[in-house]
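# Structural overview
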Amino acid sequence: MNPVIPSGPQRTSRRALLKGAGATGAAALLGLAATSPARAAQRSAAGVYDVIVIGAGFAGVTAARELRRSGKKVLILEARDRVGGRTWTDTFLGEKVDLGGAWFDETHPNAWAELQRYAVPTTTDSAPDATVFPTDTGFRTYTPAEGFAHTEQLVTPLFDGSRDYFPNPLDPWAREDLLRPVDNVSMRAKLSQYSLSPADTKWLSGAMGGLAGGAARGALTQMAQWWALSNWDYKKFSNAYSVRPVQGTVALIQAMLTEASADLVLNSPVASVTHSGDRVQVVTRGGVTHQAAKAVVAVPVNVWKDITFNPGLPTVYREASTATIGVPTAKKLWLHIRSDKGMLFTRGEETAPIGTIIPSYRLGDGYLAYAFSIDPALDVANTQQIEAAVQRFDPGATLLAARGHDWGNDPYARGGWTFKQPGQLTRTLRSIQQPVGRVAFANSDIATGWSGWIDGAIESGRRAAAHVAGA
């Protein structure tokens, strides 16, 4: 495709470079679903509603739009002062940046169709000048072709057999007899099956464990399904994170919200949901009560435990929320870096303060990059700490500015991108996709296909809308 490039000279994209080189090490950036920060105007909440949607991320807004199409009157309650959930378009150095989920790809059937429907302009990030990966004693700089090719060589064998246990990745349980044993395997257990050098162990565990929230925590099947959804093709798998809206994910969610034509009330975190009899009663922490025939709870699984349900949710829902599905220590940052080495793609070991730094594009002085961390000790507001983390990869680099968000300490997310734990796909997911009484659930964590992506949030929102509209 030919993405729309923002003002300035045309640049070679990382996506184009990866296709040309036939490799990439950016698999650890696959996550984070939901949306942006549009300062949506609060509309009147007066009136009688057919459905209350709790949460104005992509899942909630999708559900509201689909319900509107079926003739329902919808109220959306959003805890924050913005829409978007686990994506968040903000401004940094005068540039539009997403502090949460950001990416789209042609392999995403739901999200890609929405981009086309609303004609949202997109762009891709610039290719790096060099890459930095771990060695036995520190870090080494490689050409992009060298660094990404070696990552491909290390990563590809992890998914041997996935054509058998994920023959139809949009129906992950198609061969559940083959899937169940694999679903019990953690990323750490899979990595331990290989005889790797210490350097390659750091290289591979950084790529896989960083995304998983720790290799011991994450299930092999989470990433294997993404691999299968990418047609078992490394280039497609790697490129699935590279296309993003020029004006941020907020551009798409605002278009969807406009079509939804729902009443939206911001700054309204929900305290309780009572779903007995023929009505659902939703009470906010501010003490405001709303009623409707049905409800869609479109907040992350990790947040379910913070809402009081009457009657209480079944055990499997409560256990999933306590165990977590979204990575509980996830952080995303945007960095303004100056370096005489040019724009660097860097990947650290699993325990690195910052696991991955991805260059986005050049500025007048230095370049803009985004970064990911699962380190509980990293303070996203401490520029000295962040600069020290950057200088582990590039000792001569200067951090000129930083902006980040700690999704794990966000009370309305309690974690970042989706990465299921062993057993959650086969023993948990189908159960927690189901409605409970008059309440349906929607979020990217419980998507059947691209869970952890905006595509998964849209898929889940559509399913929840069908549950409450058709029941």
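The notes below deal with the structure included here. (Residues numbered from 1 in each chain as written. Predicted model: local features only at pLDDT ≥ 70, side-chain atom pairs only at ≥ 80, totals over all residues. Heavy atoms only, no water.)

### Some thoughts on the overall build of the protein chain
Filter applied, for reference: What counts as a helix is a DSSP run of H or I of at least four residues, what counts as a strand is a run of E of at least two, and both are numbered from the N terminus. Burial here depends on accessible area, computed with a 1.4 Å probe over protein chains only, as a share of the maximum for the residue type. Under 20% is buried, over 50% is exposed, and the range in between is partly exposed. In this analysis, two residues are considered to be in contact whenever any of their non-hydrogen atoms come within 4.5 Å of each other. Reported accessibility uses the Shrake-Rupley method at a 1.4 Å probe radius. Residues are deemed covered only where the shown protein chains occlude them.
Of regular secondary structure, the protein chain possesses 16 helices and 19 strands. When each of the 471 residues of the protein chain is scored for burial, the buried share is 62%. Contacts spanning at least 24 positions in sequence make up 78% of the contacts within the protein chain whose residues lie at least 6 apart. Split by element, the accessible area of the protein chain, about 16,100 Å² in all, is 50% carbon and sulfur.

### Notes on the sheet that holds strand S18 (residues 398-406)
Defined as follows: Pairing between two strands requires that DSSP report at least two bridges joining them. Helix axes use the C-alpha atoms of the stretch in contact, all axes being lines fitted to C-alpha atoms, and the angles between their N-to-C directions lie in the range 0 to 180 degrees.
The strand order across the open sheet formed by seven strands is S7-S6-S15-S16-S17-S14-S18, and the pairing between neighbours is mixed. Each edge of the open sheet is held by one strand with a lone partner, namely strand S7 (139-142) and S18. Across this sheet, the average inter-strand angle for adjacent strands is 20°, counted without regard to direction. By the bridge criterion, two bridges tie strand S15 (residues 344-347) to strand S16 (residues 356-362) in an arrangement that is antiparallel. Paired with Arg347 across the two strands is Thr356, which belongs to S16. Here helix H13 (residues 383-393) sits on the sheet and contacts strand S6 (130-134), S7, strand S14 (331-338), S15, S16 and S18; the angle it forms with S18, its principal contact strand, is near 115°.

### Digging into empty space enclosed by the protein
For the record, the criterion: For cavity detection a 1 Å grid was placed over the protein atoms alone, and a set of points counts as a cavity when a 1.4 Å probe fits there but cannot get out; an open set counts as a pocket when protein lies on both sides within 12 Å along at least five of seven lines, with lining residues being those that have an atom within 4 Å of a point. Grid points are joined across faces, edges and corners, and a volume is the space filled by probe spheres set on the points.
Per the counting criterion, the structure on display carries four cavities of 30 Å³ or more. When its volume is computed, the largest cavity comes out at roughly 300 Å³. Lining the largest cavity are 29 residues, with Gly55, Ala298, Val299, Pro300 and Tyr412 sitting closest to its centre. Broken down by element, the residue count for the lining of the largest cavity peaks at three residues, all from helix H2 (residues 58-69). Lining the second largest cavity are 16 residues, with Gly206, Gly210, Gly355, Thr356 and Phe372 positioned closest to its centre.

### Looking at the side chain of Asp375
The cut-off we apply is this: The charged-residue count follows a simple rule in which Lys and Arg add positive charge and Asp and Glu add negative charge, with His and chain termini not counted at all. Salt bridges are defined as contacts in which a side-chain nitrogen from Lys or Arg sits within 4 Å of a carboxyl oxygen from Asp or Glu.
In this structure, Asp375 sits in the loop between strand S17 (367-373) and H13. Notably, Asp375 is buried but unbridged: the nearest opposite-charge side chain belongs to Lys331, and the N-O separation is 6.2 Å. With residues near it in sequence (within four places) discarded, Asp375 still touches Lys331, Ala352 and Pro353.

### Topic: the packing of helix H4 (residues 144-155) against helix H8 (residues 198-212)
How we decide: Comment on the angle field: the value is read as roughly parallel under 35 degrees, roughly antiparallel over 145, roughly perpendicular from 65 to 115, and oblique elsewhere.
Between H4 and H8, the shortest axis-to-axis distance is 10 Å and the interhelical angle comes to 85°. Comparing the axis directions of H4 and H8 gives the class roughly perpendicular. Contact with H4, carried on its side by Gly147, His150, Thr151, Leu154 and Val155, involves Asp200, Trp203, Leu204 and Met208 of H8 and no other residues of that element.

### What to know about the pattern of salt bridges
A complete count under the given rule lists 21 salt bridges for this structure. Arg80 is the partner of Glu78 in a salt bridge, and the nearest nitrogen-oxygen pair spans 3.8 Å. Arg80 shares its class with Glu78; the two are buried. Residue Asp90 pairs with Arg403 through a salt bridge whose shortest N-O separation is 2.3 Å.

### Some points on the side chain of Ser321
Where we set the bar: Any pair of nitrogen or oxygen atoms within 3.5 Å is treated as a polar contact; in protein, a donor-acceptor pairing is required on top of that, and neighbouring residues in sequence qualify only through side-chain atoms on both sides.
Residue position: Ser321 is located in helix H12 (residues 315-323). By relative accessible area, Ser321 is classed as buried at 1%. Side-chain polar atoms of Ser321 contact the backbone nitrogen of Lys305, separated by 2.9 Å. Discounting residues that sit within four places of it in the chain, Ser321 has contacts with Val301, Asn302, Val303, Trp304 and Lys305.

### Section: the nonpolar core
Defined as follows: The term nonpolar core refers to a set of buried residues drawn from Ala, Val, Leu, Ile, Met, Phe, Trp, Tyr and Cys, joined through side-chain atoms within 4.5 Å.
Phe159, Trp226, Val273, Trp304 and Phe441 are the most contacted members of the largest nonpolar core, which totals 87 residues. With seven residues, the top contributor of residues to this core is helix H9 (residues 220-229). Leave out the neighbours within four places in its chain, and Trp304 touches Val297, Val299, Phe309, Tyr317, Ser321, Ile432, Phe441, Asn443 and Ile446. Residues Val51, Ile253, Ala260 and Ala442 belong to the second largest nonpolar core, which totals 37 residues.

### Quick word on the environment of His405
Along the chain, His405 turns up in strand S18. Residue His405 is classed as buried on the basis of its relative accessible area, which comes to 16%. Residues His405 and Asp379 lie 26 residues apart in sequence; the distance between their C-alpha atoms is 9.3 Å. Beyond its immediate sequence surroundings of up to four residues, His405 is in contact with Trp88, Leu99, Ala330, Lys331, Lys332, Val380 and Asp410.

Function cannot be inferred from these measures alone, as they are strictly geometric.
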